[in-house]
Amino acid sequence: MAGHGGRGRSGGRPTLEEVAARAGVGRGTVSRVINGSPRVSDATRAAVEAAVAELGYVPNTAARALAANRTDAIALVVPESETRFFAEPYFSDMLRGVGAALSETEMQLLLIFAGSDRERRRLAQYLAAHRVDGVLLVSVHAHDPLPDLLGQLEIPAVISGPRSEHETLPSVDSDNYGGGRSAVEHLMARGRSTIATITGRLDVYGAQRRIEGYRDALLAAGREVDERLIVPGDFTEAGGRRAMTELLERCPHLDAVFAESDVMAAGARQVLREAGRRIPDDVALVGYDDSAIARHMDPPLTSVRQPIEEMGRAMLGLLLDEIADRRPAVSRGLERRQVVLPTELVARASS
């Protein structure tokens with residue numbers, strides 16, 4: 001039996017609806033397959049691709065975008081300074097994961113910094129004009145107004161790590177609690193008795209969860225939590241230096257430090273060496289992220305690996321789903337989707 005030869009039932013170009021009917025699926029499912037969303041089963045994807053081939057359907061990107069009020073572009077919004085973005089491996093790994101997943105689609109990626117008030121005002125105007133189909137938000141703090149702005153504008157958005165346990169946006173995160181707990185359990189297993197921690201910014205929910213893991217690991221082992229051993233940092237190398245200096249002043253006899261990012265661990269290491277403390281002989285050191293910094297440090301740094309590239313890919317998958325369904329999850333009344341990926345402690349010579 002002859003195929004349609006690129007003609008729909010109307011005699012013109014095959015439509016998205018005709019592909020859906022031929023494949024026995026909904027229009028939204030066809031859209032997901034065409035846009036490269038990973039949230040489609042292999043069987044469904046095969047059925048849609050077969051229908052596309054049989055009908056000779058060719059997506060008309062410009063026409064589809066115009067008809068659907070689409071731009072075929074998404075924004076990766078970073079509410080931090082450019083200096084911090086390029087200094088910390090977390091951001092480049094996240095960007096790599098998003099870019100790899102996006103390369104399988106026809107969509108473009110815009111990188112937007114919103115670290116200053118001026119940049120935020122400009123971003124608000126840009127988003128209000130609906131120049132992107134969706135937004136990936138990275139490194140959002142507890143009281144950041146950006147997520148609420150996106151909700152008001154009804155722009156699909158996914159956040160890298162919830163702002164709190166009551167997050168309303170779809171989110172992707174790593175198991176920060178489990179990661180913090182495993183770091184302390186590792187140090188206790190190595191015979192360390194006075195374990196300090198340098199926290200991340202306390203207005204970041206992920207940093208709060210790492211502290212909870214630190215506390216619970218100590219309590220589960222029958223140890224007291226000494227508040228003098230908990231010093232806030234800010235995920236920067238300078239912050240790690242400041243916090244380590246303060247810890248040595250408070251508790252000069254400490255024998256282990258859990259720095260809640262590799263960048264802060266690098267700052268802590270400098271202070272320990274300047275103070276004549278040998279790593280790991282005198283003080284064991286554990287970081288977080290398992291970045292290139294950890295592997296190249298002397299001695300190589302034990303670190304909690306969070307799958308940052310995988311997080312980026314998962315974020316894009318959720319966002320493509322939101323875009324395909326046309327409306328944000330909140331306005332559809334669906335249960336919020338929060339993905340949590342596992343962490344893994346990578347032991348090296350520093351502990």
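Residues numbered from 1 in each chain as written. Predicted model: local features only at pLDDT ≥ 70, side-chain atom pairs only at ≥ 80, totals over all residues. Heavy atoms only, no water.

## Regarding the packing of helix H7 (residues 117-128) against helix H8 (residues 146-153)
Okay, so step 1: Their axes nearest at 10 Å, the elements H7 and H8 cross at an angle of 20°. By the criterion of interaxial angle, the relationship of H7 to H8 is roughly parallel. When you trace H7 past H8, the crossing you get is right-handed. Residues Arg-120, Leu-123, Ala-124, Leu-127 and Ala-128 of H7 form the contact with H8, whose participating residues are Leu-146, Leu-149, Leu-150 and Leu-153. (Axes fitted to C-alpha atoms, helices over the stretch in contact; angles between N-to-C directions. Helix = DSSP H or I, 4+ residues; strand = E, 2+ residues; numbered from the N terminus. Parallel < 35°, antiparallel > 145°, perpendicular 65-115°, else oblique. Left-handed = near helix turned anticlockwise from the far one by under 90°. Contact = heavy atoms within 4.5 Å.)

## Structural notes on the pattern of salt bridges
Okay, so step 1: Taken as a whole and assessed by the stated rule, the structure comprises 24 salt bridges.
Okay, so step 2: Linked through salt bridges whose partners overlap, the residues forming this network are Arg-32, Asp-321 and Arg-337. (Salt bridge = Lys/Arg side-chain N within 4 Å of Asp/Glu carboxyl O.)

## Observations concerning the packing of aromatic side chains
For any two aromatic rings, the description comes down to two numbers: the centre-to-centre distance and the angle of the planes.
Okay, so step 1: Per the counting criterion, the structure on display carries 6 aromatic pairs.
Okay, so step 2: Aromatic pair Phe-85 and Phe-86: ring centres 5.0 Å apart, planes at 85°, arrangement edge-to-face.
Okay, so step 3: Overall, the relative accessible area of 5% leaves Phe-85 in the buried class.
Okay, so step 4: Where Tyr-90 meets Phe-91, the ring centres are 5.5 Å apart and the plane angle is 85°; that geometry is what we call edge-to-face.
Okay, so step 5: On the basis of relative accessibility, which here comes to 2%, the residue Phe-91 falls in the buried class. (Phe/Tyr/Trp six-rings, centres within 6.5 Å; stacked < 30°, edge-to-face > 60°. Buried < 20%, exposed > 50% of the residue type's maximum accessible area, 1.4 Å probe, protein only.)

## Here's the deal with the pairing of strand E4 (residues 157-160)
Okay, so step 1: Burial along E4 is two-sided: the face carrying Ala-157 and Ile-159 and the face carrying Val-158 and Ser-160 are both buried.
Okay, so step 2: Sheet topology places strand E3 (residues 134-137) next to E4; 3 bridges connect them, and they run parallel. Opposite Leu-137, over in E4, you have Ile-159 as the bridge partner.
Okay, so step 3: Each parallel crossover has a hand, and the one from E3 via H8 to E4 is right-handed.
Okay, so step 4: Bridge analysis of E4 against strand E5 (residues 171-174) gives 2 bridges, and the strand direction is parallel. Looking at E5, one finds that Ser-160 is bridged to Val-172. (Pairing = 2+ DSSP bridges. Right-handed = clockwise from strand over helix to strand, strands pointing away.)

## Observations regarding the packing of helix H1 (residues 16-23) against helix H2 (residues 27-35)
Okay, so step 1: Where H1 contacts H2, the axes come no closer than 8 Å and their chain directions differ by 100°. The angle between H1 and H2 falls in the class roughly perpendicular. The segment H1 lies against H2, with Leu-16, Glu-17, Val-19 and Ala-20 engaging Arg-27, Val-30 and Ile-34.

## Looking at the sheet that holds strand E6 (residues 195-199)
Okay, so step 1: Strand order in the open sheet formed by 6 strands is E7-E6-E8-E9-E10-E12, and the pairing between neighbours is mixed. Strands with a single pairing partner mark the edges of an open sheet, and in this sheet they are strand E7 (230-232) and strand E12 (344-346). On average, adjacent strands in this sheet sit at an angle of 20° to one another, irrespective of strand direction.
Okay, so step 2: Summarising the sheet, E6 and E7 pair through 3 bridges and their orientation is parallel. From the neighbouring strand, Ile-198 faces E7, where its bridge partner is Val-231.

## Observations concerning unusual backbone geometry
Okay, so step 1: Of note, the bond from Ile-279 into Pro-280 is cis; its omega dihedral lies within 30 degrees of zero at 5°.
Okay, so step 2: Mapped onto the elements, Pro-280 comes out in the loop between helix H12 (262-274) and strand E9 (284-289).
Okay, so step 3: For the bond running from Asp-298 to Pro-299, omega is -5°, close enough to zero to count as cis.
Okay, so step 4: Mapped onto the secondary structure, Pro-299 falls in the loop between helix H13 (292-296) and strand E10 (302-305).
Okay, so step 5: Positive phi outside glycine occurs at Asp-289, with the angle close to 120°.
Okay, so step 6: When you line up the elements, Asp-289 lands in strand E9.
Okay, so step 7: Taking relative accessible area as the criterion, Asp-289 reaches 12% and is therefore assigned buried.

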